[in-house]
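Listed below, chain by chain, are the residues.
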Amino acid sequence: MCFCLRRPRAFILWLKSLRPFRDIKAEERLLELKNKCEDEERKRISLEDKLKKLELEQQVSAQEKDALKTEIARLTTALKKTSKEADEIQIRLRQEQAERANVQQERSKLQDAHQKLQQDLSSYQQQLQMRETEKRALRNELQALQTKFNDQTTLLSDRTRELRGAQAFLSKADALSGAEVIRLVDELNQEIMQTAAFISDSFDFARKPEHRDEIKEASARTSELIGPAMTSLLGTVQHGEDPLLIQIALQAATVEFSRWIIMTWDFDGLQAEQPLAEIYNDVRETESQAVSGRWRALTRSHAQKVALQESDVHSTMVAHISDTLVVVMIAAGCTKNYEDAYREFTMKFGERVSNIVRMAARLNRAMGEEVTSADLWPTHSAAGEKFDTESMKDFDEGSGAQSGVVLCTTALGLQRSEKVGHGEGAEYKTMTLAKPKVALEAIAEGMEREEELSGD
C-alpha cells in the first residue's frame, strides 16, 4: 500500500502547504482533489474497517478480498494520478509565480523609469522656461542693439553725406588735365571743319528767282547768327566754282552753336541761364577757387538733370544745328528749296551733326564739371573785330596776315583762369591754352561777285 493510502492526512497537509502558490483555478482543482481524496479516505477507512471486521470475523470470502484488493489498487492508482496532477499544478504555480515576480520586477523597473522620465521632463520644462526667459531677454537686448545700430547707421549716413558734401567743395583734384581739354577742343574743331567741307561740296548753289522769299528770310536769320558782313558775301559771291565761303559760313555757324552748348548751364531748359551765370560770378568773386569750382560743377550738373532728359537735349540740339546750317545754305543760293535741302541734309549729314553735338556736350561736362581748379571756357572773336595775332589765328595760315578785320570765327580757342588767394589779396591768373581761328574779310577779295536778287 502506497504512502498516500497509508498516511492520507500527511498528503492532505502537503496539499494544504501548496495553497500560497496556486491561483484561483488551481485552488479550485485542489479543492476538488481534496474532496475526492477525503471521499477516497473515507472509503478506505470504511474498507479497512470492513477488512478488519472480515478478518476478525474470518467470514470474508476470498472473492470479496480480491474485490477489495482490486478496489484498493484502483484507488491507489487514482491517488497516484491525482498526486501527479498536483505535482504538475505545483510546477505550473511556481512557474507562474516566477513569471509574476518577473512581471512585478519589470513593472517596478518601468515605474522607476517613468518616475525618472517625469523628473527629467520636469527638469527639461524648467530649463526650457529658463531658456525662454533668456531668449526674451536676448531678444529685447537685440532689439535695443538693433535700434542703436539703426541710429548709428543713420548718423553715419548723415555724417557721410555731410563729409561728401564737404569733400565736394574742398577737393581740388581735376578729372581732366588742361592738355586733355585742349585735345577735345581740337577734335571738335576738326570735326566741324570736315563736316562743313563735305556739306559745301554736296550741294549746288545758283540763286533762283523762285527761291527769292526763302533766301530773304534765310539771310535775315543768318545775319543775326554770323553777322551782316558774312551774310552779304553769301548773297553776292558766286559759289558755283568754289564753295569756300559757304564752308567758312557753315563752320562759323556750327562753331557759334557749339560754343553755346559748351557754355550753357541748363540748355535753356530752366530759363535760368543769365541768373545762374550772375550767381556764379558772385560766388567766384567772394569764395576760393576750390569752393567756386565745386559750386559750378554741382550746379551745372544738377541744373541740366532737372532741365531736360539727356536724350531730349541731344535730339533738340541736332535739330537746331541742322536747321541753322540749311538756312545758311539757302541764304547762299542753294538750288533746292528749304524742305528738300533739309531732307537731304539730315539723310547725309545727320550722324555727323549728332557727333558734333556729342563732342560739344562732352566739353560742357569737361569744362563745367570735371575741371574745378580753374575756369576754362571756349573763346571766339566777334565779327568786325580787329585781327590780333596775340589772341587769334588766321584761318588761311598761308596768307601771313598781320592785320585785318574779322569776318567770323572758324575754330574755337581755349582760355584758362585761376583765382589765387582769397579776400582782398586774391588775384586771377589767366592764360590762353589755344587761340581761336578766324576768317578775315580779306579772304573774299578776288572772289567773283553777282548782284543780289532784288526784292521785286
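This is a predicted model, so every value here is computed, not measured.

Chemist: Provide a residue-level description of the packing of aromatic side chains, including the pertinent values.
Modeler: One pass over the structure, following the stated rule, counts seven aromatic pairs. Ring centres 6.2 Å apart and planes at 80° place the aromatic pair Phe257 and Trp260 in the edge-to-face group. Here the residue Phe257 and the residue Trp260 both occupy positions in helix α8 (residues 244-263), the gap between them amounting to three residues, near one helical turn. Under the relative-accessibility criterion, Phe257 is labelled buried at 16%. An angle of 25° between the planes, with centres 5.8 Å apart, marks the rings of Tyr338 and Tyr342 as stacked. A residue pair is termed a helical-turn pair when its members lie 3 or 4 positions apart in one helix, as Tyr338 and Tyr342 do in helix α12 (residues 338-370) at four residues. Residue classification places Tyr342 among the partly exposed residues on the basis of a relative accessible area of 25%. Cluster of aromatic residues (ring-pair linked, three or more members): Phe257, Trp260 and Phe267. It is Arg300 that lies over the ring of Trp265; its NZ or CZ is 5.1 Å from the centre.

Chemist: Outline the packing of helix α5 (residues 178-202) against α8, listing residues and values.
Modeler: Running from N to C, α5 and α8 cross one another at 140°; their axes reach a closest spacing of 9 Å. As for the relative orientation of α5 and α8, their crossing is right-handed in sense. The segment α5 lies against α8, with Leu188, Ile192, Met193, Ala196, Ala197, Ile199 and Ser200 engaging Ile246, Gln247, Leu250, Gln251, Thr254, Val255, Ser258 and Ile262. Each residue belonging to the contact of α5 with α8 can be placed in one class, and the counts come to ten nonpolar, five polar and no charged.

What counts and how
- Residues numbered from 1 in each chain as written.
- Predicted model: local features only at pLDDT ≥ 70, side-chain atom pairs only at ≥ 80, totals over all residues.
- Heavy atoms only, no water.
- Phe/Tyr/Trp six-rings, centres within 6.5 Å; stacked < 30°, edge-to-face > 60°.
- Helix = DSSP H or I, 4+ residues; strand = E, 2+ residues; numbered from the N terminus.
- Buried < 20%, exposed > 50% of the residue type's maximum accessible area, 1.4 Å probe, protein only.
- Lys NZ or Arg CZ within 6 Å of the ring centre and 35° of its normal.
- Axes fitted to C-alpha atoms, helices over the stretch in contact; angles between N-to-C directions.
- Left-handed = near helix turned anticlockwise from the far one by under 90°.
- Contact = heavy atoms within 4.5 Å.
- Nonpolar A, V, L, I, M, F, W, Y, C, P; charged D, E, K, R; others polar.

Any link to function would need more than the numbers given here.
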